[in-house]
Amino acid sequence: MHGAAQQQRQQHRGYRRSDLGARTIAGARPSSSVTVTATLLAVNVVIFLITVVQAKSLFDNGSAQLQQLGELWTYPTLGGGEWWRIFTSGFLHYGPIHIAANMFSLWMIGRALEQVFGKVRFLALYFVSMLGASTAVLLFDAANRPSAGASGALFGLMGCYAVIVFKLRLNPTGLIITLVINAYITFSIANISILAHVGGLVTGALVAAAMLYAPERDRVRWQTIGMAIIVVALIGLLIWRSTQVPSLECQFGMLRGAQSYVCGR
């Protein structure tokens, strides 16, 4: 018995030295760092303050030039070739309540997921969820309706969190509270797209499944393949949708006495 216990301890020491097992369920190295979450939060806040200065209004910053150049809507994005809006829209917000709610959710959920997924995987989760949210908007929303906000990516984090709760059979209370808060924001503030939330939620769950259920052997390779399949599928949908939108010229002009970003032939 003593010999068997000693052999087991030696195996455990070798296991730790080989760095096997020193990984989270997503395959990342355990870390308490949340620098990616903090950086994303800071970027969102800085961009919001810029739009407030441009619009000269804290509560009505939608008229800011940066806001109009970065919002997501079909005509300039697909018709005008301004594909950057797929991601820039995820860093724009309408008023202090909108950004405060989103940044609270980012801080609460992002910190935990960054520690589980590591910096690279967490960034991939965030931006692929943002891509999925924007894809849903461009596929199904009205072509002339602008939307913006980090909540598409945040719902992706929630979708990921739901997969983790399911996989590890955790208490879902925190997830439910966060979903309720964001559902309230969804229906109480104008220009926030329900489609973006649904698209982000589904995409985040798919990304989490690709990462968490990848075989341990060659896990990084399988995770990369799973992510690539999701991204290629989303890009394919966007390219297909772009063939249905006419080519347009988009620029700033006067509309109803105010400077607005308009598109036309």
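Attention in this report is confined to the structure presented alongside it. Just so it is clear, the model here is predicted, and its values are computed rather than measured.

Digging into a nonpolar patch on the surface
Then comes step 1: On the surface, a cluster of nonpolar side chains totalling about 560 Å² of accessible area is made up of Phe187, Ile194, Val198, Leu201, Val202 and Leu206.
Then comes step 2: It is helix H9 (residues 194–212) that contributes the most residues to the nonpolar patch, 5 residues altogether.
Then comes step 3: If you trace the backbone, Leu206 turns up in helix H9.
Then comes step 4: Leu206 sits in the partly exposed class, given a relative accessible area of 48%.

Remarks on the packing of aromatic side chains
Then comes step 1: Per the stated rule, a full pass over the model turns up 5 aromatic pairs.
Then comes step 2: Aromatic side chains Phe87 and Phe127 sit 6.2 Å apart centroid to centroid with 55° between the ring planes, which places their arrangement in the tilted category. One end of the pair, Phe87, is in helix H5 (residues 85–88); the other, Phe127, is in helix H6 (residues 95–140), and 40 residues separate them in sequence.
Then comes step 3: According to the relative accessible area criterion, Phe87 is partly exposed, its value standing at 33%.
Then comes step 4: Look at Phe127 and you get partly exposed, because its relative accessible area is 29%.
Then comes step 5: Three or more aromatic residues joined by ring pairs form one cluster here, namely Phe87, Phe91, Phe122, Tyr126 and Phe127.
Then comes step 6: Lying across the ring of Tyr213, Lys167 places its NZ or CZ 4.4 Å from the centre.

Considerations on the state of the cysteines
Then comes step 1: In the structure shown here, the tally under the stated rule is 1 disulfide.
Then comes step 2: A sulfur-sulfur separation of 2.1 Å characterises the disulfide bridge that pairs Cys250 with Cys263. The sign of the S-S torsion, about 110°, decides the handedness of the disulfide formed by Cys250 and Cys263: right-handed. Placement of the pair is Cys250 in strand E1 (residues 249–255) and Cys263 in strand E2 (residues 258–264), with a sequence separation of 13 residues.
Then comes step 3: Classification of Cys250 by relative accessible area gives buried; the value is 16%.

Cut-offs used in this document
- Residues numbered from 1 in each chain as written.
- Predicted model: local features only at pLDDT ≥ 70, side-chain atom pairs only at ≥ 80, totals over all residues.
- Heavy atoms only, no water.
- Patch = residues over 30% accessible without salt bridge, like charges linked within 9 Å, V, L, I, M, F, W, Y side chains within 5 Å.
- Areas by Shrake-Rupley, 256 points an atom, 1.4 Å probe, with all protein chains shown as cover.
- Salt bridge = Lys/Arg side-chain N within 4 Å of Asp/Glu carboxyl O.
- Helix = DSSP H or I, 4+ residues; strand = E, 2+ residues; numbered from the N terminus.
- Buried < 20%, exposed > 50% of the residue type's maximum accessible area, 1.4 Å probe, protein only.
- Phe/Tyr/Trp six-rings, centres within 6.5 Å; stacked < 30°, edge-to-face > 60°.
- Lys NZ or Arg CZ within 6 Å of the ring centre and 35° of its normal.
- Disulfide = S-S within 2.5 Å.

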